[in-house]
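Structural characterization, general
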Amino acid sequence: MSDPTIPAAALPDDRPADALHLRPATDGAVRLDPARAGWRYLSFEARRVGAGATIVDAADGTETCVVVISGRDVTIEGDGGSWRLEGRTDPFAGLPSALWLPDGRRLQVRIGSGAGVVAIARAPRSGRAGVATEPIVVQPRDVVVEIRGAGNASRQINHIVAPTFPADRLEIVEVLTPSGNWSSWPPHKHDVDAMPGEAVLEEVYHYRFRRPEAWAVQRVYRADRSRDGIWEVRDGDVVIVPDGYHPFSATHGDDAYYLNALAGDRRTMACSFDPDLDWVRGTWESMEPDPRLPLVAPASA
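Residues numbered from 1 in each chain as written. Predicted model: local features only at pLDDT ≥ 70, side-chain atom pairs only at ≥ 80, totals over all residues. Heavy atoms only, no water.

Quick look at the overall build of the chain now. Looking only at helices and strands, the chain features one helix and 22 strands. Taking 301 residues into account, the globule formula puts the C-alpha radius of gyration at 19 Å, and the chain, at 18 Å, falls close to it. Counting only C-alpha atoms and orienting by the principal axes, one finds that the chain spans roughly 55 × 45 × 35 Å. When burial is assessed residue by residue, the chain has 56% of its 301 residues classed as buried. The contacts in the chain between residues at least 6 apart in sequence include a share of 75% that link residues at least 24 apart. Within the structure as shown, the chain displays about 12,700 Å² of accessible surface, and the carbon and sulfur contribution to it stands at 52%. (Helix = DSSP H or I, 4+ residues; strand = E, 2+ residues; numbered from the N terminus. Rg over C-alpha atoms; globule rule 2.2 N^0.38 Å. Buried < 20%, exposed > 50% of the residue type's maximum accessible area, 1.4 Å probe, protein only. Contact = heavy atoms within 4.5 Å. Areas by Shrake-Rupley, 256 points an atom, 1.4 Å probe, with all protein chains shown as cover.)

In this structure, M195 sits in the loop between β15 (188-189) and β16 (201-209). Note on M195: relative accessible area 23%, which makes it partly exposed. The sequence separation of M195 and C271 amounts to 76 residues, and the corresponding C-alpha distance is 9.1 Å.

The sheet built from four strands is open, its strands ordered β14-β20-β17-β18 with antiparallel pairing. Strand pairing shows two members of the sheet lacking a second neighbour, β14 (182-183) and β18 (228-234), which therefore form its edges. Summarising the sheet, strand β17 (residues 215-221) and β18 pair through seven bridges and their orientation is antiparallel. Opposite Y221, over in β18, you have D228 as the bridge partner. (Pairing = 2+ DSSP bridges.)

What follows concerns the sheet that holds strand β11 (residues 144-148). The strand order β1-β19-β16-β21-β13-β12-β11 describes an open sheet built from seven strands, whose pairing is antiparallel. Both edges of this open sheet fall to β1 (21-22) and β11, since each of them pairs with a single strand only. Pairing of β11 with strand β12 (residues 155-161), which is carried by five bridges, proceeds in the antiparallel orientation. Across the sheet, residue E146 finds its bridge partner in β12, namely I157.

Considered as a void within the structure, the largest pocket measures approximately 390 Å³ in volume. Surrounding the largest pocket, 22 residues form its lining, R148, R155, H188, M269 and C271 being those nearest its centre. When contributions to the lining of the largest pocket are tallied by element, the ones reaching two or more residues are β12, β13 (170-177), β16 and β21 (256-264). Grouping the constituent residues of the lining of the largest pocket by class yields twelve nonpolar, six polar and four charged. As a volume, the second largest pocket reaches approximately 220 Å³. L32, S43, F44, E45 and R122 are, among the 17 residues lining the second largest pocket, the residues nearest its centre. Within the residue set of the lining of the second largest pocket, elements represented by two or more residues are β2 (30-32), β3 (43-49) and β9 (116-124). No other element matches the five residues that β9 contributes to the lining of the second largest pocket. For the lining of the second largest pocket, the per-class residue count stands at nine nonpolar, two polar and six charged. (1 Å grid on protein atoms, 1.4 Å probe; cavity = no way out; pocket = protein on both sides within 12 Å on 5 of 7 lines; lining within 4 Å. Points joined across faces, edges and corners; volume = space filled by probe spheres on them. Nonpolar A, V, L, I, M, F, W, Y, C, P; charged D, E, K, R; others polar.)

Looking now at the side chain of S272. Topologically, S272 is positioned in strand β22 (residues 272-273). In terms of polar contacts, S272 uses its side chain to reach the side chain of E198, at 2.8 Å. Apart from the residues within four sequence positions on either side, S272 is in contact with P187, H188, K189, G197, E198 and Y245. (Polar contact = N/O pair within 3.5 Å; in protein donor to acceptor, adjacent residues only side chain to side chain.)

Structurally, the position occupied by V175 is in strand β13. Sequence separation of V175 and G197 is 22 residues, and the distance between their C-alpha atoms is 22 Å. Among residues more than four places away in sequence, those in contact with V175 are R155, Q156, I157, S183, A256, Y257, Y258 and N260.

Relative to strand β6 (residues 81-88), strand β5 (residues 62-78) runs antiparallel, the two being bridged by seven bridges. The residue bridging G78 from the neighbouring strand is G81, located in β6. From the end of β5 to the start of β6, which pair antiparallel, there are two residues, and D79 there has a positive phi angle of about 55°.

In structure tokens:
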């Protein structure tokens, strides 16, 4: 159902494909804002947290989600509030912890011992009704685990900020893909507002690997191939998905992880599939999921 207050499509983007692939800086940080990404809403960064506090600057008029990619006993403080997150050694050792805030207050992030990595996603508030007014802590026990696909298209989805979460524009999931498997498959897109089948969603992929020296393959392409990017993605990289289909493949021998941060005007992950490949979903009813899954067991198991 169309809504005249919601953009009909993603912003036009004619940048070369290489502009969509971001490598981390020497300090391990990777950052983008709407101007760099070429879209309306989503800001994203991933950064290392070492000894002492890491500061997340204030951003007026936004909502915020901090996800612990690695590091245990994480404390986040800001504007008189203090929150303790369980954390995890790495994305293959436990389910995620996160803190969602309805605002863009200045934050201090500390890890109890050692070092770690956090991801921060932000998007401007829309003014919609039904958004929580207080911060929400997401601990591993709160994360819904889904096994999606079948055969060598099986993967594990960890839902952190799902469409049912009382956030505004942000949605956050992470995906664990066993070695040799395909993920985000069949290829899908979400760049036009054609509800209930598809919504406009800005999205980033941020990658980690069980073996940090590993790499995987990410593709972003349009049906007419006016964009057709394919990259070797490594630990700490980000790929921007402004439009088009975007499948992922883990190489043989190396389990892969990516965090998806999304932002849009609808609380949905509705997407459409590449019509040349959508038939494969019909084969999954007669196939078993990969027996290696889940790579990380639900917290209640």
